[in-house]
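Here's the letter readout for the chains.
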Amino acid sequence: MNEDNNIVQKSESELLEQLIRVEKRNGARQLVLIIVVALLTLVLAVSAIAVIPRTVRTIQKVDSVIESVDGSMEDIDHMVKSFSDLVDTNMDSVGDALAKINEIDIESLNDSIASFSEVISSLQKITSIFK
(Lines give C-alpha, C1' and ligand atoms only; values in the text may rest on other atoms or scores of the structure.)
Protein backbone atom coordinates (compact mmCIF):
# COMPACT_ATOMS: atom_id res chain seq x y z
CA MET A 1 0.00 0.00 0.00
CA ASN A 2 2.89 2.23 0.75
CA GLU A 3 4.11 1.61 -2.71
CA ASP A 4 0.74 2.66 -4.16
CA ASN A 5 0.87 5.87 -2.14
CA ASN A 6 4.38 6.56 -3.45
CA ILE A 7 3.20 6.09 -7.03
CA VAL A 8 0.21 8.35 -6.43
CA GLN A 9 2.43 11.00 -4.78
CA LYS A 10 4.93 10.79 -7.61
CA SER A 11 2.30 11.07 -10.23
CA GLU A 12 0.73 13.97 -8.36
CA SER A 13 4.05 15.78 -8.15
CA GLU A 14 4.75 15.02 -11.81
CA LEU A 15 1.33 16.31 -12.72
CA LEU A 16 1.93 19.47 -10.72
CA GLU A 17 5.30 20.00 -12.40
CA GLN A 18 3.74 19.41 -15.80
CA LEU A 19 0.91 21.79 -14.94
CA ILE A 20 3.45 24.44 -13.88
CA ARG A 21 5.36 24.01 -17.17
CA VAL A 22 2.13 24.34 -19.17
CA GLU A 23 1.14 27.42 -17.19
CA LYS A 24 4.57 28.98 -17.77
CA ARG A 25 4.27 28.24 -21.52
CA ASN A 26 0.77 29.72 -21.60
CA GLY A 27 1.97 32.76 -19.68
CA ALA A 28 4.81 33.25 -22.18
CA ARG A 29 2.35 32.95 -25.09
CA GLN A 30 0.04 35.48 -23.48
CA LEU A 31 2.97 37.85 -22.98
CA VAL A 32 3.95 37.50 -26.66
CA LEU A 33 0.33 38.13 -27.72
CA ILE A 34 0.13 41.21 -25.48
CA ILE A 35 3.37 42.56 -27.00
CA VAL A 36 2.10 41.88 -30.56
CA VAL A 37 -1.23 43.63 -29.81
CA ALA A 38 0.61 46.57 -28.24
CA LEU A 39 2.91 46.88 -31.28
CA LEU A 40 -0.03 46.71 -33.67
CA THR A 41 -1.85 49.36 -31.65
CA LEU A 42 1.27 51.55 -31.73
CA VAL A 43 1.64 51.10 -35.51
CA LEU A 44 -2.04 51.94 -36.00
CA ALA A 45 -1.74 55.06 -33.81
CA VAL A 46 1.39 56.27 -35.64
CA SER A 47 -0.29 55.64 -39.00
CA ALA A 48 -3.36 57.56 -37.90
CA ILE A 49 -1.21 60.45 -36.67
CA ALA A 50 0.60 60.53 -40.03
CA VAL A 51 -2.46 60.08 -42.26
CA ILE A 52 -5.08 62.27 -40.57
CA PRO A 53 -3.31 65.64 -41.15
CA ARG A 54 -2.72 64.77 -44.81
CA THR A 55 -6.34 63.78 -45.18
CA VAL A 56 -7.49 67.03 -43.59
CA ARG A 57 -5.22 69.06 -45.92
CA THR A 58 -6.52 67.17 -48.94
CA ILE A 59 -10.12 67.77 -47.90
CA GLN A 60 -9.37 71.48 -47.42
CA LYS A 61 -7.82 71.67 -50.90
CA VAL A 62 -10.81 69.89 -52.42
CA ASP A 63 -13.11 72.31 -50.60
CA SER A 64 -11.23 75.34 -51.97
CA VAL A 65 -11.35 73.86 -55.49
CA ILE A 66 -15.10 73.33 -55.15
CA GLU A 67 -15.54 76.95 -54.02
CA SER A 68 -13.48 78.09 -57.01
CA VAL A 69 -15.59 75.99 -59.35
CA ASP A 70 -18.75 77.45 -57.84
CA GLY A 71 -17.44 80.97 -58.52
CA SER A 72 -16.46 79.99 -62.05
CA MET A 73 -19.89 78.52 -62.68
CA GLU A 74 -21.49 81.83 -61.65
CA ASP A 75 -19.16 83.66 -64.03
CA ILE A 76 -19.98 81.22 -66.82
CA ASP A 77 -23.71 81.64 -66.20
CA HIS A 78 -23.31 85.43 -66.40
CA MET A 79 -21.23 85.14 -69.58
CA VAL A 80 -23.77 82.81 -71.24
CA LYS A 81 -26.60 85.18 -70.35
CA SER A 82 -24.65 88.14 -71.80
CA PHE A 83 -23.90 86.16 -74.95
CA SER A 84 -27.54 85.17 -75.26
CA ASP A 85 -28.60 88.81 -74.91
CA LEU A 86 -26.04 89.81 -77.53
CA VAL A 87 -27.30 87.14 -79.94
CA ASP A 88 -30.90 88.24 -79.36
CA THR A 89 -29.97 91.89 -80.03
CA ASN A 90 -27.99 90.97 -83.15
CA MET A 91 -30.78 88.73 -84.42
CA ASP A 92 -33.11 91.72 -84.29
CA SER A 93 -30.56 93.84 -86.20
CA VAL A 94 -29.96 91.10 -88.75
CA GLY A 95 -33.71 90.71 -89.20
CA ASP A 96 -34.07 94.43 -89.78
CA ALA A 97 -31.18 94.42 -92.26
CA LEU A 98 -32.67 91.47 -94.16
CA ALA A 99 -36.02 93.24 -94.32
CA LYS A 100 -34.34 96.33 -95.76
CA ILE A 101 -32.39 94.22 -98.26
CA ASN A 102 -35.64 92.57 -99.34
CA GLU A 103 -37.15 96.01 -99.88
CA ILE A 104 -34.46 96.93 -102.43
CA ASP A 105 -35.78 97.10 -105.97
CA ILE A 106 -33.28 95.02 -107.94
CA GLU A 107 -34.39 96.37 -111.32
CA SER A 108 -33.87 99.95 -110.18
CA LEU A 109 -30.47 98.98 -108.77
CA ASN A 110 -29.47 97.39 -112.08
CA ASP A 111 -30.65 100.48 -113.97
CA SER A 112 -28.66 102.71 -111.61
CA ILE A 113 -25.54 100.58 -112.09
CA ALA A 114 -25.95 100.74 -115.85
CA SER A 115 -26.36 104.54 -115.70
CA PHE A 116 -23.32 104.80 -113.45
CA SER A 117 -21.36 102.67 -115.88
CA GLU A 118 -22.31 105.03 -118.71
CA VAL A 119 -21.25 108.06 -116.66
CA ILE A 120 -17.90 106.45 -115.81
CA SER A 121 -17.38 105.55 -119.43
CA SER A 122 -18.06 109.14 -120.45
CA LEU A 123 -15.69 110.45 -117.79
CA GLN A 124 -13.03 108.04 -118.98
CA LYS A 125 -13.33 109.39 -122.52
CA ILE A 126 -13.06 112.95 -121.24
CA THR A 127 -10.02 112.22 -119.08
CA SER A 128 -8.31 110.35 -121.88
CA ILE A 129 -8.27 113.60 -123.87
CA PHE A 130 -6.09 115.24 -121.18
CA LYS A 131 -3.49 112.53 -121.23
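Residues numbered from 1 in each chain as written. Predicted model: local features only at pLDDT ≥ 70, side-chain atom pairs only at ≥ 80, totals over all residues. Heavy atoms only, no water.

Chemist: Outline the overall build of the protein chain, supporting the account with residue identities and numerical values.
Modeler: In terms of helices and strands, the protein chain carries 2 helices and 0 strands. Taking 131 residues into account, the globule formula puts the C-alpha radius of gyration at 14 Å, and the protein chain, at 52 Å, lies well above it. Its C-alpha atoms give the protein chain principal-axis dimensions of roughly 165 × 40 × 25 Å. The 131 residues of the protein chain split such that 0% are buried. For the protein chain, the accessible surface area stands at approximately 12,200 Å², while carbon and sulfur atoms represent 64% of it. With 12 positive and 21 negative side-chain charges, the protein chain shows a separation of 18 Å between the mean positions of the two kinds. (Helix = DSSP H or I, 4+ residues; strand = E, 2+ residues; numbered from the N terminus. Rg over C-alpha atoms; globule rule 2.2 N^0.38 Å. Buried < 20%, exposed > 50% of the residue type's maximum accessible area, 1.4 Å probe, protein only. Areas by Shrake-Rupley, 256 points an atom, 1.4 Å probe, with all protein chains shown as cover. Lys, Arg positive; Asp, Glu negative; His and termini not counted. Charge placed at Lys NZ, Arg CZ, Asp CG, Glu CD.)

Chemist: Go over a negative patch on the surface with me, naming the residues and quoting the values.
Modeler: Taken together, the side chains of Asp-63, Glu-67, Asp-70, Glu-74, Asp-75 and Asp-77 present a region of like negative charge at the surface. Look at Asp-70 and you get partly exposed, because its relative accessible area is 43%. (Patch = residues over 30% accessible without salt bridge, like charges linked within 9 Å, V, L, I, M, F, W, Y side chains within 5 Å. Salt bridge = Lys/Arg side-chain N within 4 Å of Asp/Glu carboxyl O.)

Chemist: Any chance you could break down a nonpolar patch on the surface for me, citing the residues and the numbers?
Modeler: Residues Val-94, Leu-98, Ile-101, Ile-104, Ile-106, Leu-109 and Ile-113 make up a contiguous nonpolar surface patch of about 640 Å² in total accessible area. Its location among the elements puts Leu-109 in helix 2 (residues 106–129).

Chemist: A description of the environment of Glu-74 should follow, citing residues and the corresponding values.
Modeler: Residue position: Glu-74 is located in helix 1 (residues 2–103). For Glu-74, a relative accessible area of 57% translates into the label exposed. Residues Glu-74 and Gly-27, 47 residues apart in the sequence, show an inter-C-alpha distance of 69 Å.

Chemist: Please set out the environment of Ser-112 residue by residue, giving values where relevant.
Modeler: Secondary-structure assignment places Ser-112 in helix 2. Taking the C-alpha atoms as reference, Ser-112 lies 26 Å from Ile-129; in sequence the two are 17 residues apart.

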